[in-house]
Amino acid sequence: MIERRRREPRGRERIKSDLELLSLLPPDSEVAPALRAHIEGGIRQLVEVEDVKRRDPFGIALAIVFILITVALLTASFLNGGWYWWLTVPAAVTGIFGIAGLAQDATKRTRDERGRPTAE
């Protein structure tokens, strides 16, 4: 899988960098109240998102794809016979990943801004 890193911070990292900017501003700055209001709004939104239990649709779709691959491999194994029975090994591996992923992502849980489950 290719991972692309963002240069712009998001979520908690963005709030932390905004707080650092606020601490660097002089106390009599005209921008400080607006930046403080922006930071407080970001924190409020972050807390609201984390308090809501939700599912991860991307994880659910990926788990379903793994399960469909498992079904296709098992079908090919049973219909063709002969040495095709070896297809049950990769079918078992993809089936385990599919079932585990579906169990994790279809369950409603509190999640962080990236969709990963948080400790409750």
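So, here's what we can say about the structure. For every chain, the first residue of its written sequence is number 1, and the numbers climb from 1 along that sequence. Per-residue local features are limited, in this predicted model, to residues with pLDDT of at least 70; the limit for side-chain atom pairs, both in listing and counting, is 80 or more; totals at the level of whole chains, interfaces and linings are taken over all residues. Hydrogens and water molecules were not included; the side-chain quantities draw on all heavy atoms of the structure.

In this analysis, rings of Phe, Tyr and Trp, with Trp reduced to its six-membered ring, are considered paired at centre separations within 6.5 Å, and the interplanar angle assigns stacked below 30 degrees, edge-to-face beyond 60, and tilted for intermediate values. This model, assessed by the stated rule, comprises three aromatic pairs. Where Phe-66 meets Phe-97, the ring centres are 6.3 Å apart and the plane angle is 55 degrees; that geometry is what we call tilted. In this pair, Phe-66 is assigned in helix α3 (residues 57–80) and Phe-97 in helix α4 (residues 88–105), connecting sequence segments 31 residues apart. To sort residues, take the accessible area from a 1.4 Å probe on protein chains only and compare it with the maximum for the residue type: under 20% means buried, over 50% means exposed, and anything in between is partly exposed. In this structure Phe-97 comes out as exposed when scored by relative accessible area, which is 54%. Considering the side-chain rings of Trp-83 and Tyr-84, the 4.5 Å spacing of their centres and the 20 degrees angle between planes classify their relative orientation as stacked. Using a relative accessible area of 61% as the deciding quantity, one classes Trp-83 as exposed. Only DSSP runs of H or I reaching four residues or more are called helices, and only runs of E reaching two or more are called strands; each is numbered from the N terminus.

Lines fitted to C-alpha atoms define the axes here, with helix axes fitted over just the stretch in contact, and angles between the N-to-C directions of these axes take values from 0 to 180 degrees. Put simply, α3 and α4 touch, their axes get as near as 8 Å, and they point 155 degrees apart. When the axis of α3 is compared with that of α4, the two are roughly antiparallel. Like other packed secondary-structure pairs, α3 and α4 cross with a definite hand, here left-handed. In this structure, α3 contributes Gly-59, Ile-60, Ala-63, Phe-66, Ile-67, Ile-69, Thr-70, Leu-73, Leu-74 and Ser-77 to the contact, and α4 contributes Thr-88, Pro-90, Ala-91, Thr-94, Gly-95, Phe-97, Gly-98, Ile-99, Gly-101, Leu-102 and Asp-105. In this count, Pro and Cys sit with the nonpolar residues alongside Ala, Val, Leu, Ile, Met, Phe, Trp and Tyr, while Asp, Glu, Lys and Arg are called charged and the others, Gly among them, polar. Each residue belonging to the contact of α3 with α4 can be placed in one class, and the counts come to twelve nonpolar, eight polar and one charged. In these notes the angle categories are as follows: under 35 degrees is roughly parallel, over 145 is roughly antiparallel, 65 to 115 is roughly perpendicular, and the rest is oblique. Here a crossing is called left-handed whenever its near helix is offset anticlockwise from the far helix by less than a right angle, and right-handed whenever the offset is clockwise. Any two residues having at least one pair of non-hydrogen atoms within 4.5 Å are treated as being in contact.

Right, let's get into the side chain of Ser-77. Its place among the elements puts Ser-77 in helix α3. A relative accessible area of 5% means that Ser-77 is categorised as buried. Contacts described as polar in this section are N or O atom pairs within 3.5 Å, which, within protein, must combine one atom able to donate a hydrogen with one able to accept it, while residues neighboring in sequence count only if both atoms come from side chains. At 3.3 Å, the side chain of Ser-77 and the backbone oxygen of Tyr-84 are in polar contact.

So, on to the pattern of salt bridges. Salt bridge, as used here, is a side-chain nitrogen of Lys or Arg placed within 4 Å of a carboxyl oxygen of Asp or Glu. In the structure shown here, the tally under the stated rule is one salt bridge. Among the ionic pairs, Arg-14 bridges to Asp-18, the shortest N-O distance being 3.8 Å. Pair noted here: Arg-14 and Asp-18 are both in helix α1 (residues 12–24), with a separation of four residues, about one helical turn. On the accessibility criterion, Arg-14 (27% relative accessible area) is partly exposed. Exposure remark for Asp-18: the relative accessible area of 11% places this residue in the buried category.

Our next topic: α4. Expected span, for any helix, means 1.5 Å times one less than how many residues it has. With 18 residues, α4 extends 25 Å between its outermost C-alpha atoms, agreeing within 8% with the 26 Å of an ideal straight helix rising 1.5 Å per residue. The inward-facing, buried residues of α4 abut α3.

All right, on to the nonpolar core then. Nonpolar cores were defined as sets of buried Ala, Val, Leu, Ile, Met, Phe, Trp, Tyr and Cys residues, with membership established by side-chain atoms within 4.5 Å. With six residues, the main nonpolar core is built from Ile-15, Leu-22, Ala-32, Leu-35, Ile-39 and Leu-46. Elements with a minimum of two residues in this core: α1 and α2 (32–51). The greatest single-element share of this core, amounting to four residues, is contributed by α2. Residues within four places of Ile-39 in sequence aside, it is in contact with Ile-15, Asp-18, Leu-19 and Leu-22.

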